[in-house]
Structures are given as structure tokens and as C-alpha cells.
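One-letter residues, chain by chain:
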Amino acid sequence: TAFSLPTPTPPTPPIQAILFDCDGVLADTEPDGHRVAFNLAFQNNDIPESWSVSRYGKLLEIGGGKERMTAHWNEVGWPERIPPEGRAETVKELHLKKTDIFMTLIDEGKIPLRSGVLRL
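Note that the structure is a prediction, hence the values are computed from the model and not measured. (Residues numbered from 1 in each chain as written. Predicted model: local features only at pLDDT ≥ 70, side-chain atom pairs only at ≥ 80, totals over all residues. Heavy atoms only, no water.)

Caption draft 1: Structural detail: the nonpolar core. In terms of nonpolar packing, the biggest core is built from 19 residues, with Phe42, Trp51, Met69, Trp73 and Leu94 touching the most fellow members. Contributions of two or more residues to this core are made by α1 (29-44), α2 (53-59), α3 (65-76) and α4 (87-107). Discounting residues that sit within four places of it in the chain, Met69 has contacts with Phe38, Phe42, Trp51, Val91, Leu94 and His95. (Core = buried A, V, L, I, M, F, W, Y, C linked by side-chain atoms within 4.5 Å. Buried < 20%, exposed > 50% of the residue type's maximum accessible area, 1.4 Å probe, protein only. Helix = DSSP H or I, 4+ residues; strand = E, 2+ residues; numbered from the N terminus. Contact = heavy atoms within 4.5 Å.)

Caption draft 2: The pattern of salt bridges, seen in detail. Applying the stated rule across the entire model yields four salt bridges. A salt bridge links Arg114 to Asp28; the shortest N-O distance between them is 3.3 Å. Of this pair, Arg114 sits in the segment after α4 while Asp28 sits in the segment before α1, placing them 86 residues apart in sequence. With a closest N to O distance of 3.1 Å, Glu61 and Lys58 form a salt bridge. (Salt bridge = Lys/Arg side-chain N within 4 Å of Asp/Glu carboxyl O.)

Caption draft 3: Structural context of the environment of Ser52. Examined against the element boundaries, Ser52 turns out to sit in the loop between α1 and α2. Spatially, the C-alpha atoms of Ser52 and Ile18 are 35 Å apart, while their sequence positions differ by 34 residues. Looking at Ser52, its side chain comes within polar contact range of the main-chain nitrogen of Arg55, at 3.0 Å. (Polar contact = N/O pair within 3.5 Å; in protein donor to acceptor, adjacent residues only side chain to side chain.)

Below you can see the structure in the form of C-alpha cells.
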């Protein structure tokens, strides 16, 4: 019987670094990504709303984007474009659009990295 040795595999180079990430570690995604995406979703849907960094910071005390929009408009008044009978569905649609915009911002590299991250 013929016997053959397995083909040796080249050595694996040592790991140089391991980066762990969760939302907001490598980039400040809340003010520079999610907030921007919310504002673009509002603008693209003719909703006269623009959240400042400070307003969005306050809204971050509320968990969830749909809940954030709802709480904001419950506090300051709902845009005329969003009638009472369609609020939940409109908020849901806006949130989906916001998420799409956020992903596009990431894909296009428009969310800046935190200082020093690129150096790593």
C-alpha cells in the first residue's frame, strides 16, 4: 500500500491585535451617526425636525429609537404631517428609514472614528 504524508501547511502568522467593538467604541455613533440619520430621515420625509447634539443626548435617556421619537413628540408636540391615527406606523417607518440611512453612512465612511482609533 502506498503511504503519503500530509502536505504541511504554512505557519499562521501571530495575531498582531484583537479589536473588540460594540456600538460607540470605535466611533461616537450616537451623535455622529444615529442622530445624523434621524435628522436625515426627518428631512427626507418633510418633517420639520432637527435634533441638536444636546437634545439627542437628553433623548438617549430613553431606550430605543421609536420610543425616543415618540417621547420627543409627546413632549414638544407632533408634527402636522403625522396624524394621530397614523403615529405608531409612521414612527416605525421612520425608524426603518433611519436605520437604512445609518447603514449607508457607515458604508460610505461618513461616521468619523474616535481620536486615536485609526492609529491602532
